[in-house]
Amino acid sequence: MSKMKKYVFPVIIAAMAGAFSLAQAQQRKAQPTLQKAEPKKKIIHKGKAFLSDGKTGSGKISKKAFDSLIAYPLIAKDSLGREHKVIGYTFSYSERGLYEDSMGTPRIMADFYSTESEGGQLPAFWLQNIRERSKGGDTAYFDQVISKYTDTGKSFFYAEPIKLIITE
């Protein structure tokens, strides 16, 4: 019986070590392997985006003109100059302001806001908020502008983004 006690403890330890190794191997198999990420497809712009007047693209714009034009949907023009309805875009707004750093030194910094359009138009809440806050030095971006060809109604194209710097 004493011989049996002598071998039971090492056998139990060996069995526990084997079970632990098996559990680790199964856990490694269950974890997904990291694969190399596919490169992001580059967006090809097949037209240009404009504010609702059909003329205002990227550049400087007065606060008065900006506040009146952002209420309406964007327009996209294809490579032949035909106008098409914009069905969606990402709107980002950079608001410049004066802030104090940790040492009390005043610094001009920017706060960034972003939203998706609703059917090619800014949501009413955003429109009201941007009109109240906009001032000279702020920047508005209309990015990932997607338009639908009006003649077929089936195909879509990306229009070049708009970057507007608001002036007084």
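Whatever comes next refers back to the structure up there.
Residues numbered from 1 in each chain as written. Predicted model: local features only at pLDDT ≥ 70, side-chain atom pairs only at ≥ 80, totals over all residues. Heavy atoms only, no water.

S.K.: Account for the pattern of salt bridges, with residues named and values stated.
M.R.: On inspection of all chains with the given rule, the structure shows six salt bridges. A salt bridge links Arg-133 to Glu-95; the shortest N-O distance between them is 2.8 Å. Remark: Glu-95 occurs in strand E4 (residues 83-100) and Arg-133 occurs in helix H3 (residues 124-133); sequence separation between them is 38 residues. According to the relative accessible area criterion, Arg-133 is partly exposed, its value standing at 35%. A relative accessible area of 10% places Glu-95 in the buried class. A salt bridge links Asp-138 to Lys-135, with the shortest nitrogen-to-oxygen separation between them at 3.5 Å. Accessibility expressed as a relative area gives 0% for Asp-138, which makes it buried. Its relative accessible area of 30% is what places Lys-135 among the partly exposed residues. Where salt bridges share partners, they join Glu-95, Arg-133, Lys-135 and Asp-138 into one cluster. (Salt bridge = Lys/Arg side-chain N within 4 Å of Asp/Glu carboxyl O. Helix = DSSP H or I, 4+ residues; strand = E, 2+ residues; numbered from the N terminus. Buried < 20%, exposed > 50% of the residue type's maximum accessible area, 1.4 Å probe, protein only.)

S.K.: Hey, could you go over the environment of Tyr-99 for me, with residue numbers and the actual values?
M.R.: You can see Tyr-99 is positioned in strand E4. On the accessibility criterion, Tyr-99 (33% relative accessible area) is partly exposed. Separated by 10 residues in the primary sequence, Tyr-99 and Met-109 place their C-alpha atoms 6.7 Å from one another. The residues touching Tyr-99, leaving out its near neighbours within four places in the chain, are Thr-105, Pro-106, Arg-107, Met-109 and Asp-111. Within the structure, Tyr-99 has its side chain in polar contact with the side chain of Asp-111 (distance 2.5 Å). (Contact = heavy atoms within 4.5 Å. Polar contact = N/O pair within 3.5 Å; in protein donor to acceptor, adjacent residues only side chain to side chain.)

S.K.: Give me H3: which residues, what numbers.
M.R.: Of all the residues in H3, the buried ones are Trp-126, Leu-127 and Ile-130. All buried residues of H3 fall inside an arc of 100° around its axis, so they share one side. Opposite the packed face of H3, turned more than 90 degrees from it, sit the exposed residues Ala-124, Phe-125 and Glu-132. The elements touched by buried residues of H3 are helix H2 (63-69), E4 and strand E5 (106-116). (Arc of directions from axis to C-beta.)

S.K.: Describe the nonpolar core, naming the residues involved and giving the relevant values.
M.R.: Within the largest apolar cluster, 26 residues are counted, with the highest numbers of intra-cluster contacts made by Phe-66, Leu-74, Tyr-89, Phe-91, Phe-142 and Val-145. Elements represented by at least two residues in this core include exactly H2, E4, H3, strand E6 (139-148), strand E7 (156-160) and strand E8 (162-167). Here this core takes four residues from E4, the largest share from any one element. Those residues in contact with Leu-74 that sit more than four places away from it in its chain are Phe-50, Leu-51, Val-86, Tyr-89, Gly-120, Phe-142, Val-145 and Ile-162. (Core = buried A, V, L, I, M, F, W, Y, C linked by side-chain atoms within 4.5 Å.)

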